[in-house]
Amino acid sequence: MSAAQPLKNFRILDLSRIWAGPYCTKLLADMGAEVIKMESLRVYDSHRGPITPAPGIAAYPDSDPGEEAWNRNGWFNCLHMSKYGITLELTEEKGRRVFEELVSISDVVVENFRQGSLSRLGYDYETLRQIRPDLIYASMPAFGNSGPWQNYVAYGIGQEQLSGMAHMTGYANDGPMKSGINHGDPITGSHAAGVLLAALRYRRRTGKGMFVDVSQQESAVALIGGEVVAYQISGEEPERMGNHSPWFAPQNAYPCAGEDRWVTIGVTNDTQWRSLAEAIGQPELADDPRFATNQDRLQHRRELDQILGAWAADKDMWDATHQLQEKNVPAGPVLRGPDLLDNPHYTDRGTFNYVDHPRTGPKWYQGFAWRMSKTPGQVHWPSPTLGQHNRQIYRELLGIRDESIDDLESGGVIGTKPTGSRII
Amino acid sequence: MPGLLEGVKVIDFTHYFAGPYCTKLLATLGAEVIKIERPGSGDPIRAIPPFASQRQPGESGAWFLYLNTSKKSVTLDLKTEKGRDLALKLVAEADIVVENFAPGVMGRLGLDYEALSGVNPALVMTSISNYGQTGPYRDWKADEINLYATGGLMNITGEPEEPPLKEGAPLSQLGAGQNAFVATMTALFHAEDTEEGQHIDLAIAEYATNVLENALMQYSYSGVEFTRVGNRGYGRAAWGIYPCQDGFVGIIAGPDQNWPEVSNIMDSEELADPRFASRQGRLLNADEVDALMLPWLLEHDKVDIFKAGQDHGLGFSFVAGMQDILEMEQLVARDYFVELDHPIAGNYRYPGPPISPDSGKFEAWVYRRAPLLAEHNLAVLGDLGYDSQGVEQLFAEGVI
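The following paragraphs examine the structure supplied in this document. (Residues numbered from 1 in each chain as written. Chains lettered and ligands numbered in written order. Predicted model: local features only at pLDDT ≥ 70, side-chain atom pairs only at ≥ 80, totals over all residues. Heavy atoms only, no water.)

A word on the overall build of chain B. For chain B, the helix and strand inventory stands at 17 helices and twelve strands. Taken across its 400 residues, chain B has 62% of its residues classed as buried. Taking the intrachain contacts of chain B between residues at least 6 apart in sequence as the baseline, contacts between residues at least 24 apart amount to 68%. Total accessible area computed for chain B in this model is approximately 13,600 Å², and 48% of it derives from carbon and sulfur atoms. If you average the places of the 29 positive and of the 56 negative side-chain charges in chain B, the two averages end up 5 Å apart. (Helix = DSSP H or I, 4+ residues; strand = E, 2+ residues; numbered from the N terminus. Buried < 20%, exposed > 50% of the residue type's maximum accessible area, 1.4 Å probe, protein only. Contact = heavy atoms within 4.5 Å. Areas by Shrake-Rupley, 256 points an atom, 1.4 Å probe, with all protein chains shown as cover. Lys, Arg positive; Asp, Glu negative; His and termini not counted. Charge placed at Lys NZ, Arg CZ, Asp CG, Glu CD.)

In structure tokens:
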């Protein structure tokens, strides 16, 4: 560990699964927080995939699940770097005692089970607070910890729909469209990470912990809240308009030479519009009254699309982009996976991390979400295999003797081999 | 106790979406956020419709009102000597600066990290920009669509035979603003521990790459590119958005052990066919499964379908519009909306806290309406020692 780690003094006991919770704790682990990811051997994080998956799934190296598939799944491995991985069964009496010891030395507990799951095991906030009085406990069910829908479940794809995001996404005159990711998840993960830090800072000043109630749905609505206010003002639901902008024109994606290659243009003001006319060799457009102001251009966006579509059609998407950027026109190619890894800008900035995992070999992963001049993030180790750090955490952190750890293992309270899975 | 972040002071040089969402989170959590705006026109997002008041659109745009709750507005012409000096005086007293100008702009104004840390070594300065403060695309111009494209999200959104699609809301910018909030809080801990400030460089395009989920990973793992799959989940069937009687619903046909419930809900023995029992089986027979579900879906309303799924343990959802959201029984029951009255815009219900910390003793979040342009000039400059005459003088000189 070279550089100082701003969050090194915080220990987070992380019971969360899939993406929203793990994205929250990944942001914190990247900045030095000690994150202990706890899984059950019976219901491990479903991002590890099934115990014996069908062959051919591309999330495994060379699409081969291989031995111990649960340790080779990229969905899991891209989210848990620098976290400790332990297993523990909370349904076993011995497991409960260990858990309570873990809680007593943790600053934060994070979970995104279905609402009430942990309470049914006897661990609600009030109980955990007896063990650790200044604990910060973040509970992240889909719809929060109160209200008529509190027992309902939802995934990132559902949150896009229940927040209004999907409603306003889609091709013109067509139905709503999901994003290519489960966008509700990282939105909640990031909100939660920031608020947990605010709660930790508050605790530092006052000595008080707190219960942090996370409704993933409320988090997603909050992000696009301007549209909720806009609707009350205008009385109109947001329109699905493909790649057009409700506010500026011309904006769209235009097909270029090659298969499924596109350049995007995103003009936002008159100066950029005049530069665009010049950049595409049609300076007379700048004086065309149909396109004089942003309002005019919004009205005549179809004509603009025809002109720009015709211009882009035979061009390489990179040439088109450079030609426009040279004149300061907002433009960019639609990048695919290989383009991202081969991109000079991202390479120059070290955007992606190349991490060697013992069960998959070295692979590329998403990098740090930001750069810090004094305390840059670090990948300390790859995502843990199931139960990888059991011995280390239980022995070194809790001081449990080796024989007792052996007991826990032979009793099935901890381990490294799953006994069941529940995959969504 | 007024807000979790009471006592934190932020000088806010942001505009449009990304920066203002970051400082909205800080302000609404109780930090004092002083938003520096251009004299006359202010944050250009003030020009984005719809406007509640046609006579004063600059004070009543929906997105401006939403993104600037709980902030103070001070106008400063940063290109003037006096304007810059005032900015430096404000920064000297602050914990945090957030800005989202194009890289180089703060430097040309004499307000880059070097200058600011000169007057305040413990300062956290958060810079949000399209492509970051370094690298060959540093000076590229971009709007949401371009960032969605170059960040890799656009290629995997939309129908396979249709153009790549952006999302309707400016999620790259807003998401980058969220992450900037986390980054800022992280650096604040370091600054308070060590009295060492630092500069954060957050690129919106990199935000997009950071939430790519598995598109990047999968290509690196197996050489298989993620593709656009429309409304079906990637590698899944009976998983996505479907039409129903009064709109659209989200059908989630998993986990496998819950799938038999779908045939109960939709009253279709054919859906219980063992060929559809596994995720792989449904994928191989995706069109057939869809055809069996559709007639039932088209005869039922979205909220009823949603609840029918949920009551059987399935994570169904529905596509909510803005009216649906305002009326949603869960949000109403949880008192989610915050009503704010604005002297020009009027009274609206604003989405409330994205996360609800509850200490039982205080309001973690503090909601105040967005400021009028220059509303806090007198108060803030007063704190710097200007009396009303001095403030008038600055106004006459065009500094504020």
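And the narrative resumes.
Turning our attention to the sheet that holds strand β7 (residues 239-244) of chain B. Residues and elements named next belong to chain B. If you walk across this open sheet you meet the three strands as β7-β8-β9, and the pairing is antiparallel. For this open sheet the edge positions go to β7 and β9 (317-318), each flanked by a neighbour on one side alone. The pairing of β7 with strand β8 (residues 247-252) spans six bridges and is antiparallel. Within β8, the residue paired with isoleucine 241 across the bridge is glycine 250. Along the sheet, helix α12 (residues 286-298) contacts β7 and β8; its crossing angle with β7, the most-contacted strand, is approximately 45°. (Pairing = 2+ DSSP bridges. Axes fitted to C-alpha atoms, helices over the stretch in contact; angles between N-to-C directions.)

Residues and elements named next belong to chain B. Counted residue by residue, strand β5 (residues 124-129) has six buried out of six residues, so it is predominantly covered. Of the two faces of β5, both are covered, the one formed by Val124, Thr126 and Ile128 as well as the one formed by Met125, Ser127 and Ser129. In this sheet, β5 lies alongside strand β4 (residues 96-99) in parallel orientation, the contact comprising four bridges. Pairing of isoleucine 96 across the sheet is with valine 124, part of β5. In the sheet, β5 pairs with strand β6 (residues 198-203) via six bridges, with the strands oriented parallel. Its bridge partner lying in β6, serine 127 is registered against aspartate 201.

To continue, consider the packing of helix α7 (residues 184-206) of chain A against helix α7 (residues 171-194) of chain B. Packed helix pairs are specified by the crossing angle of their axes together with the interaxial distance, meaning the distance between the axes. Where α7(A) contacts α7(B), the axes come no closer than 8 Å and their chain directions differ by 25°. Comparing the axis directions of α7(A) and α7(B) gives the class roughly parallel. Considering how the two elements wind past one another, α7(A) and α7(B) form a crossing that is left-handed. Contacts from A:Pro186, A:Ile187, A:Ser190, A:His191, A:Ala193, A:Gly194, A:Val195, A:Leu197, A:Ala198, A:Leu200, A:Arg201 and A:Arg204 in α7(A) reach B:Gln178, B:Asn179, B:Phe181, B:Val182, B:Met185, B:Thr186, B:Leu188, B:Phe189, B:Glu192 and B:Asp193 in α7(B). Here the residues of the contact of α7(A) with α7(B) are counted per class, giving twelve nonpolar, six polar and four charged. (Parallel < 35°, antiparallel > 145°, perpendicular 65-115°, else oblique. Left-handed = near helix turned anticlockwise from the far one by under 90°. Nonpolar A, V, L, I, M, F, W, Y, C, P; charged D, E, K, R; others polar.)

Further remarks concern the environment of A:Lys327. Residues and elements named next belong to chain A. Along the chain, the position of lysine 327 falls in the loop between α13 (317-325) and β9 (331-333). In this structure lysine 327 comes out as partly exposed when scored by relative accessible area, which is 36%. When the C-alpha atoms of lysine 327 and proline 382 are compared, they prove to be 43 Å apart, with 55 residues separating the residues in sequence. Residues contacting lysine 327, with those up to four places away along its chain left out, are Ser275, Glu278 and Ala279.

Okay, the pattern of salt bridges next. Going through the model one piece at a time under the given rule, you end up with 47 salt bridges over all chains. Residue B:Lys72 is joined to B:Glu32 by a salt bridge in which the shortest nitrogen-to-oxygen separation is 2.8 Å. Of this pair, B:Lys72 sits in strand β3 (residues 72-75) while B:Glu32 sits in strand β2 (residues 32-37); the two residues are 40 residues apart in sequence, bridging distant segments of the chain. Note that B:Asp256 and B:Arg282 form a salt bridge whose closest N and O atoms lie 2.8 Å from each other. Here B:Arg282 lies in helix α11 (residues 279-284) and B:Asp256 lies in the loop between β8 and α10 (259-265), a separation of 26 residues in the sequence. On the basis of relative accessibility, which here comes to 30%, the residue B:Asp256 falls in the partly exposed class. The exposure class of B:Arg282 is buried, given its relative accessible area of 3%. Residues joined in a network through salt bridges with shared partners are A:Arg391, A:Arg395, A:Asp402, A:Asp406 and A:Glu409. (Salt bridge = Lys/Arg side-chain N within 4 Å of Asp/Glu carboxyl O.)

For the rest of this paragraph, the subject is the sheet that holds β2(B). Read from one edge to the other, the open sheet built from seven strands follows the order β12(A)-β6(B)-β5(B)-β4(B)-β1(B)-β2(B)-β3(B), with strand pairing classed as mixed. Both edges of this open sheet fall to β12 (371-372) of chain A together with β3 of chain B, since each of them pairs with a single strand only. With respect to the sheet, helix α3 (residues 81-92) of chain B is in contact with β1 (9-13), β2 and β4 of chain B, its orientation differing from that of β1(B) by roughly 150°. α7(B) contacts β12 of chain A together with β4, β5 and β6 of chain B of the sheet and is inclined by roughly 165° relative to β6(B).

What follows deals with unusual backbone geometry. Look at the link from A:Ala249 to A:Pro250: it is a cis peptide, with omega at 0°. Residue B:Pro50 is reached from B:Pro49 by a cis peptide bond, and omega for that bond is 0°. Following the sequence through the fold, B:Pro50 ends up in the loop between β2 and α2 (62-67). You will see that A:Ser82, though not glycine, has its phi angle at about 65°, which is positive. Within the fold, A:Ser82 resides in the loop between α2 (74-77) and β3 (84-87).

In this structure, A:Trp370, B:Leu26, B:Met266 and B:Met293 are the most contacted members of the largest nonpolar core, which totals 200 residues. Take this core: its biggest share by element is twelve residues, from α7(B). For B:Met293, the contacting residues outside a window of four places in its chain are B:Ala238, B:Tyr242, B:Ile251, B:Val262, B:Met266 and B:Leu271. In this structure, A:Leu13, A:Ile36, A:Ile86 and A:Phe99 belong to the second largest nonpolar core, which totals 28 residues. (Core = buried A, V, L, I, M, F, W, Y, C linked by side-chain atoms within 4.5 Å.)

Turning to the environment of A:Arg422, a few remarks are in order. In this fold, A:Arg422 is placed in the segment after α17 (402-410). Looking at A:Arg422, the relative accessible area reads 39%, which means it is partly exposed. Residues A:Arg422 and A:Trp364, 58 residues apart in the sequence, show an inter-C-alpha distance of 27 Å. Ignoring sequence-local partners within four residues, the contact set of A:Arg422 consists of A:Val43, A:Ser46, B:Pro255, B:Gln257 and B:Asn258.

The next thing to look at is α7(A). Taking 1.5 Å as the rise per residue, α7(A) with 23 residues should run 33 Å; its terminal C-alpha atoms sit 33 Å apart, in good agreement. The buried fraction of α7(A) is high, at 20 of 23 residues. (Expected span 1.5 Å × (residues − 1).)

Let us now look at the packing of helix α16 (residues 390-397) of chain A against α17(A). Residue and element names in this part refer to chain A. Two elements in contact, α16 and α17, have axes separated by 10 Å at closest approach and are oriented at 135°. It follows from the interaxial angle that α16 and α17 lie oblique. Note that α16 runs across α17; the crossing there is right-handed. Packed against α16, whose contacting residues are Arg391, Tyr394 and Arg395, the element α17 presents Asp402, Ile405, Asp406 and Glu409 at the interface. In terms of residue class, the contact of α16 with α17 is made up of two nonpolar, no polar and five charged.

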